[in-house]
Amino acid sequence: MRRFIRSSCETCLICALALAFAATAASPLRADDDSPAKEKSPAKEKKKEKSTAKLAVIEISGAFPEGPEQDGLFGEISVGLNKVFERMDQAKNDSKIAGVVLQIRDPEIGRGKLDEFRAAIDRLRKAGKKVYADVRMADSKPYLLASACDEIIMPESGTLAVTGVRAELTFYKDLLDKLGVKAEMMQIGAYKGAAEPLTRSGMSPEFRKQFELVIDNYYDQMIDTIAADRKLDRGKVKDLIDEGIFTAAAAKEAGLIDRVAYLDEFRNDLGEKLKVEEITLVEDYGKKQLDTDFSGIGGFMKMMQMITGGESEEKDGKNKKIAVVYAVGVITDGESGGGMFEEVKLGGDTLAKAIRDADANAKVAAIVLRIDSPGGSALASDLVWREVVRCKKPIVASMGDTAASGGYYIAMGTKKIIAEPGTLTGSIGVVGGKVALQGLFDKIGIKTEAISRGKNSGWESMDTPFTTAEREAWMKSMQDMYRQFTAKAAAGRKIDVSHLRDDLAGGRVFTGKMAADNKLIDRLGTLDDAVAEAKSLAGLKADEPIDRLELPKPKSIFEQLFGSSGMESRLPIPAEIAAQLARAETLRRLLSRPAVLMMPYQVKIK
């Protein structure tokens, strides 16, 4: 053996040791060997792996804007409604995920989006995934989101404020009087109070009456939802709402939440409940990670492509498409604008073109018009309506938080209208007028002189109030617009026009649930329900796979930065003040038109 080792592998000590060990192991023990034979030690058992369960963690915070998302860097870091639902549905289909933790952190959502979130949570639960709401502090809307989950967890220092429903509207007439500014507003319909903030110091009886009905309906929906989710008596829920504000311990005792615990305590307790040794929380589940290595020339080019968005790659597979055309924002004449430094404006021309593009696309089988708009320009709304009714492909309207006045106008020509229970809709009426600044100019020493010919030549002047003839001419234009609005609404909804004008129009506002009861919409449902309805109208099978084509395509970051007509929106002032000024400027421009289809502006419903 030694000779073999030297001749064959003289320099390999490892091989020598291995062969020697093999030879020794193969030879029997000598008879005179005094040492006892050692028992063969069992092979080491493989280390047992811990039993684990994974929970996806998704944060619910911010505004969740709707619509096609910007390509590139800014699109990746934005958190739109579609993206968060994609992540929730990804968790639903992920076999490695046992459940989902929703970290609810004061989301800024309306009641339409609230219903969409609740539907997404329901999809998770129906797929067998447990959904846990991690809530620190919450008022009514975040709580209604949390109550859709299997369990609600709150730390002992948390606070729950389930205080009911409240609507607030700010009035500016007294301020305008002090400034010497006169708002000359007219309305068609006793309930059409869009201009009341400028013309009154408080709500008119009609305005108050209609919004009391809306708030009553929201309040009833809230009570019914909490009673069903928390398995509480309806009367008990009303008493709890009147009590309103709860510590975490008090909320647990009342049955409004399930567990008072910090997240780490909840994780340990849940491990015992699921009979696993370790719970793994997958933070930011499904969120795309950005490659932020911008070093070198390649990194610079990558950064520029991410900022500008580059060319978006549109799927062009074998599947048919359902085009989802987003109508989000105040409806204005011309092209869409805003979005970075200004309030988002929905241009009628942009929206009409998106409908035409979808109609002309051979791969598109049907269209869903997704609306979140309080209305705006009567002319722009009517031009969009015309594109809807002349479209050869079936169109289904899906209403989000708001689809009122002009927002309802563009929906009423579709084949079907689907709204959320909490959607704010209706407001079939017309408002118009102008803001006369002569009194303010007199106070600050500005003088304007005019030379005019024609009895109504000054009807759009922002300096002087209406003359009698100008007011009559303006009102005539508004009355004609109201006639068009109500006639088209009655025809689209197959409602007697007299009934519509007497009982449903005049500026009355409805929740989605109220609108369904009054046949202003077809049924309640989500955006997914509208897509399914569009598939059915197009003759596609319910289980046939489709792709969604989102329109209109968003402007690039460079277009948003440099496409603005002025620098006023970029002044270094607080964001909330800038937003208020942007809204005021949008309203001023709208009210300079002969007729405006706008719901009561800036009503905050909490």
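Residues numbered from 1 in each chain as written. Predicted model: local features only at pLDDT ≥ 70, side-chain atom pairs only at ≥ 80, totals over all residues. Heavy atoms only, no water.

Things to note about helix 18 (residues 468-493)
Here is step 1 of the chain: Taking 1.5 Å of rise per residue, 26 residues should cover 38 Å, and helix 18 covers 37 Å from first to last C-alpha, within 8% of that figure.
Here is step 2 of the chain: Within the span of helix 18, buried status applies to Ala469, Glu470, Trp474, Met478, Met481, Tyr482, Phe485, Thr486, Lys488, Ala489, Ala490 and Arg493.
Here is step 3 of the chain: Looking at the residues trailing helix 18, positive phi occurs at lysine 494, about 55°. (Helix = DSSP H or I, 4+ residues; strand = E, 2+ residues; numbered from the N terminus. Expected span 1.5 Å × (residues − 1). Buried < 20%, exposed > 50% of the residue type's maximum accessible area, 1.4 Å probe, protein only.)

Notes on the sheet that holds strand 4 (residues 137-138)
Here is step 1 of the chain: As summarised here, the arrangement of the 3 strands in space is 4-6-9, forming an open sheet in which the pairing is mixed. One side of each edge strand has no neighbouring strand; the edge strands of this open sheet are strand 4 and strand 9 (245-247).
Here is step 2 of the chain: With 2 bridges joining them, strand 4 and strand 6 (residues 159-161) adopt parallel strand pairing. Bridge pairing links methionine 137 to threonine 159 in strand 6. (Pairing = 2+ DSSP bridges.)

As for the packing of aromatic side chains
Here is step 1 of the chain: For the structure on display, the rule yields 6 aromatic pairs.
Here is step 2 of the chain: Geometrically, the ring pair formed by phenylalanine 64 and phenylalanine 117 is edge-to-face, given 5.2 Å between the ring centres and 70° between the ring planes. Of this pair, phenylalanine 64 sits in the loop between strand 1 (52-62) and helix 3 (73-77) while phenylalanine 117 sits in helix 5 (residues 111-126), placing them 53 residues apart in sequence.
Here is step 3 of the chain: The buried category is assigned to phenylalanine 64, whose relative accessible area is 1%. (Phe/Tyr/Trp six-rings, centres within 6.5 Å; stacked < 30°, edge-to-face > 60°.)

Some words on a nonpolar patch on the surface
Here is step 1 of the chain: The grouping of Tyr172, Leu175 and Leu179 at the surface amounts to a nonpolar patch, some 260 Å² of accessible area in total.
Here is step 2 of the chain: Note that leucine 179 resides in helix 7 (residues 173-179). (Patch = residues over 30% accessible without salt bridge, like charges linked within 9 Å, V, L, I, M, F, W, Y side chains within 5 Å. Areas by Shrake-Rupley, 256 points an atom, 1.4 Å probe, with all protein chains shown as cover. Salt bridge = Lys/Arg side-chain N within 4 Å of Asp/Glu carboxyl O.)

A few points about the sheet that holds strand 11 (residues 278-282)
Sheets are built from strands paired through backbone hydrogen bonds, the pairs being either parallel or antiparallel.
Here is step 1 of the chain: Strand order in the open sheet formed by 6 strands is 10-5-3-2-1-11, and the pairing between neighbours is parallel. The two strands at the open ends of the sheet, each matched to only one other strand, are strand 10 (259-260) and strand 11.
Here is step 2 of the chain: In this structure, strand 3 (residues 130-135) lies alongside strand 5 (residues 151-154), joined through 3 bridges in parallel fashion. Across the sheet, residue tyrosine 132 finds its bridge partner in strand 5, namely glutamate 151.
Here is step 3 of the chain: The sheet contacts of helix 4 (residues 81-93) involve strand 1 and strand 2 (97-107), and relative to strand 1 the element is tilted by about 165°.
Here is step 4 of the chain: In the packing of helix 12 (residues 263-274) onto the sheet, the strands contacted are strand 1, strand 2, strand 3, strand 5, strand 10 and strand 11, and the crossing angle to strand 11 comes to about 125°. (Contact = heavy atoms within 4.5 Å. Axes fitted to C-alpha atoms, helices over the stretch in contact; angles between N-to-C directions.)

Points about the confidence of the model for the chain
The predicted coordinates ought not to be read in detail in places where the model reports low pLDDT.
Here is step 1 of the chain: Averaged over all residues, the pLDDT of the chain equals 84, while 77% of them reach at least 70.
Here is step 2 of the chain: Predicted confidence is poor over residues 1-41, with pLDDT under 50, and the contacts of this stretch with residues over four places away or in other chains come to 7 contacts.
Here is step 3 of the chain: In the predicted structure, residues 564-573 sits below a pLDDT of 50 and forms 9 contacts with residues beyond four places in sequence or in another chain. (pLDDT = per-residue confidence, 0-100.)

Topic: a negative patch on the surface
Here is step 1 of the chain: Together, Asp233, Asp239, Asp242 and Glu243 make up a negatively charged patch on the protein surface.
Here is step 2 of the chain: Secondary-structure assignment places glutamate 243 in helix 10 (residues 234-243).
Here is step 3 of the chain: Note on glutamate 243: relative accessible area 54%, which makes it exposed. (Lys, Arg positive; Asp, Glu negative; His and termini not counted. Charge placed at Lys NZ, Arg CZ, Asp CG, Glu CD.)

Examining unusual backbone geometry
Here is step 1 of the chain: Backbone torsion omega between leucine 551 and proline 552 reads -10°, so that peptide bond is classified as cis.
Here is step 2 of the chain: Here proline 552 shows up in the loop between strand 23 (546-551) and helix 22 (557-562).
Here is step 3 of the chain: With phi around 55°, lysine 231 is a residue other than glycine that occupies positive phi space.
Here is step 4 of the chain: Locating lysine 231 in the fold gives a position in the loop between helix 9 (205-230) and helix 10.
Here is step 5 of the chain: Residue classification places lysine 231 among the exposed residues on the basis of a relative accessible area of 74%.
Here is step 6 of the chain: Unlike most non-glycine residues, serine 405 shows phi in positive territory, near 55°.
Here is step 7 of the chain: Among the structural elements, serine 405 can be located in the loop between strand 17 (395-404) and helix 16 (406-409).
Here is step 8 of the chain: Residue classification places serine 405 among the buried residues on the basis of a relative accessible area of 0%.

A closer look at the packing of helix 4 against helix 5
Here is step 1 of the chain: Contact geometry of helix 4 with helix 5 gives a least axis separation of 9 Å together with a crossing angle of 15°. Taken together, the axis directions place helix 4 and helix 5 in an arrangement best described as roughly parallel. For the pair helix 4 and helix 5, the crossing hand works out as right-handed. In contact with Leu81, Val84, Phe85, Met88, Asp89, Ala91 and Lys92 of helix 4, helix 5 contributes Lys113, Glu116, Phe117, Ala120, Ile121, Arg123 and Leu124. (Parallel < 35°, antiparallel > 145°, perpendicular 65-115°, else oblique. Left-handed = near helix turned anticlockwise from the far one by under 90°.)

Observations regarding the nonpolar core
Here is step 1 of the chain: Counting residues in each nonpolar core, the largest one holds 58 residues, and the members touching the most others are Met88, Leu102, Phe117, Leu145, Leu160 and Leu256.
Here is step 2 of the chain: A total of 9 residues in this core trace back to one element, the largest contributor, which is helix 9.
Here is step 3 of the chain: With residues up to four places along the chain from it excluded, the contact list for phenylalanine 117 reads Ile60, Phe64, Leu81, Val84, Phe85, Met88, Ile109 and Leu145.
Here is step 4 of the chain: Listed in part, the 54 residues of the second largest apolar core include Met186, Ala358, Ile521 and Leu597. (Core = buried A, V, L, I, M, F, W, Y, C linked by side-chain atoms within 4.5 Å.)

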